[in-house]
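# Survey of secondary and tertiary structure
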Amino acid sequence: MTLVFETIPHPRPLDAGSRSAALENPGFGKHFTDHMVTIRWNSEAGWHDARVEARRPFEIDPAASVLHYAQEIFEGMKAYRGADGRILLFRPEENARRFNLSAERMAMPQLPEDIFLEAVKRLVDVDRDWVPGNGGSLYLRPFMFSDEAFLGVRPASSYVFCVIASPAGAYFRNGDDAIRLWVTPDYTRAAPGGTGAAKCGGNYAGSLLAQRQAIARECDQVLFLDAVEGRWVEELGGMNIFFVFDDGRLITPPLRGTILPGITRDSIMTIARERGLTVSEAPVSFDQWQADAASGSLTEAFACGTAAVIAGIGSVLSPGGQFAVGDGKTGPVTTALRDELTALQRGDRPDRHGWVQACS
Ligand SMILES: Cc1ncc(COP(=O)(O)O)c(C=O)c1O
């Protein structure tokens, strides 16, 4: 499908001095680039009105169905500035594919993958001066929501697709900082047949109370157990999880519809196999995790996702008490996988897998 993008440059982009100041210490999700891409869909015209334009607020009807029934999905991906100055995307076609899986689950229209990719690349291109160097990245947020003004409960007949971008600093200021998890006894993230495998806003809304309770306990992230037995480790509020054993095994919970199929997770499985680890997708119970950490056979655990890449898990708090993983620090296997993945993402290693795409 071809779609003509109209480009209307920002009449007053942020001046270079203020942009440099924002890029110096961007944090995460605080600053936004000058432009956005929008494409509209309705049941009569399909995808139309593709624009690259100044980032601005939407005008939205108070009856727009997203405000009531939460038909909304999103993606998270990053653009990196390679050592040779090229701007690189990491496996963006996987984000395009997952976006459509989320769209299908939420009864939203499919966006052809080439249009998703073109929209992302056009935004990176027009805002290329916003891609930080020095280990930073430009976080890209493609999303889609229903904007039909109608209060009946059914899939909407019109939608907006949009991409915005936000510079992100190096996530790991101190590579040895391992995170602390809170295992919520009260809340689940996703049930069989639910929306756990989709990247829809509602999943995150439902996780925020548990995340707030994690922060109140001085933990970094909440860990969810399965909704049926309350036994099996699923994932964190915004990251997948891996376990490292002293005999070279690496285990991550299987994708059974309740876990987001992370692109970082998938990449790590490939890299780890190449490094000689025995990788499997298998259920891990919380009790077993605790027992294996106590016996020492489980040496490391880490969380992974686009935003944080790979974060070692140092300790785990639950109503039953607290336990440490390994020596409580980010371990050597975690560090090696993180170094290799970030080098691949930045184009510092040969792209053996065809994972990296130059933007322009
Ligand atoms: C719930 C959840 N799980 C896992 C992930 C990791 O996915 P990815 O590696 O594709 O960023 C994310 C982040 O997007 C997430 O929000």
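Because the structure is predicted, anything quoted here is derived from the model rather than measured. (Residues numbered from 1 in each chain as written. Predicted model: local features only at pLDDT ≥ 70, side-chain atom pairs only at ≥ 80, totals over all residues.)

## Looking at the overall build of the protein chain
The secondary structure content of the protein chain amounts to nine helices and 18 strands. On C-alpha atoms alone, the protein chain measures out to a radius of gyration of 21 Å, which is about the 21 Å that the 2.2 N^0.38 rule sets for 360 residues. Principal axes of the C-alpha set define a box for the protein chain whose edges measure 60 × 50 × 35 Å. For the protein chain, with 360 residues in total, the buried portion stands at 42%. (Helix = DSSP H or I, 4+ residues; strand = E, 2+ residues; numbered from the N terminus. Rg over C-alpha atoms; globule rule 2.2 N^0.38 Å. Buried ≥ 20, exposed ≤ 12 C-beta atoms within 10 Å, placed from the backbone.)

## Brief notes about the environment of V284
With respect to the secondary-structure elements, V284 resides in the loop between β14 (278-281) and α8 (286-295). Along the primary structure V284 and F5 are separated by 279 residues, whereas in three dimensions their C-alpha atoms are 47 Å apart.

## Brief notes about the site of the ligand
Every residue near the ligand is listed here: G76, E235, G238, M239, N240, L260, G262, I263, T264, R265, G305 and T306. A per-element tally of the shell around the ligand places helix α7 (residues 263-274) first, with three residues. Here the residues of the shell around the ligand are counted per class, giving three nonpolar, seven polar and two charged. (Near = placed C-beta within 6 Å. Nonpolar A, V, L, I, M, F, W, Y, C, P; charged D, E, K, R; others polar.)

## What to know about the nonpolar core
Core analysis: the largest hydrophobic core is formed by 43 residues, its most contacted members being L181, F242, A301, A303 and I313. Among residues more than four places away in sequence, those in contact with A301 are I241, F242, F243, V244, I313 and V325. In this structure, W41, L89, W130 and C200 belong to the second largest nonpolar core, which totals 42 residues. (Core = buried A, V, L, I, M, F, W, Y, C linked by C-beta atoms within 7 Å. Contact = placed C-beta atoms within 7 Å.)

## Structural notes on unusual backbone geometry
Look at D49: it is not a glycine, yet its phi comes out positive at around 55 degrees. Inspection of the secondary structure puts D49 in strand β3 (residues 46-54). You will see that R91, though not glycine, has its phi angle at about 50 degrees, which is positive. You can see R91 is positioned in the loop between β6 (87-90) and α3 (92-105).

## Quick word on helix α9 (residues 332-345)
Taking 1.5 Å per residue as the helical rise, α9 with its 14 residues ought to reach 20 Å, and the 20 Å between its terminal C-alpha atoms agrees with that figure. Residues of α9 that are buried: V333, T334, L337, R338, L341, T342, L344 and Q345. Buried positions in α9, seen along its axis, are confined to an arc of 155 degrees and lie on one side of it. Of the exposed residues in α9, the ones pointing more than 90 degrees away from its buried face are P332 and A343. Where α9 is buried, its residues contact β5 (77-81), β6, β12 (240-245), α7, β15 (298-305) and β16 (309-318). Once α9 ends, the next one or two residues include G347, with phi positive near 75 degrees. (Expected span 1.5 Å × (residues − 1). Arc of directions from axis to C-beta.)

## Topic: the domain arrangement of the protein chain
When its domains are assigned, the protein chain resolves into domain 1 (5-168) and domain 2 (179-345). A separation of 28 Å is found between the C-alpha centroids of domain 1 and domain 2. Looking at the side of domain 1 that touches domain 2 element by element, the count peaks at six residues for α3. (Domains from an automatic or database assignment.)

## Looking at the pairing of β14
The pairing of strand β13 (residues 249-252) with β14 spans four bridges and is parallel. Looking at β14, one finds that I251 is bridged to S280. The handedness of the β13 to β14 crossover, carried by α7, is right-handed. (Pairing = 2+ DSSP bridges. Right-handed = clockwise from strand over helix to strand, strands pointing away.)

## Quick look at the packing of α3 against helix α4 (residues 113-126)
One way to put it is that α3 packs onto α4 with a least axis distance of 9 Å and a crossing angle of 125 degrees. Considered as vectors, α3 and α4 are oriented oblique to each other. As α3 runs across α4, the sense of the crossing is right-handed. From α3, P92, E93, A96, R97 and F99 reach across to α4, where they touch E113, F116, L117 and V120. Each residue belonging to the contact of α3 with α4 can be placed in one class, and the counts come to six nonpolar, no polar and three charged. (Axes fitted to C-alpha atoms, helices over the stretch in contact; angles between N-to-C directions. Parallel < 35°, antiparallel > 145°, perpendicular 65-115°, else oblique. Left-handed = near helix turned anticlockwise from the far one by under 90°.)

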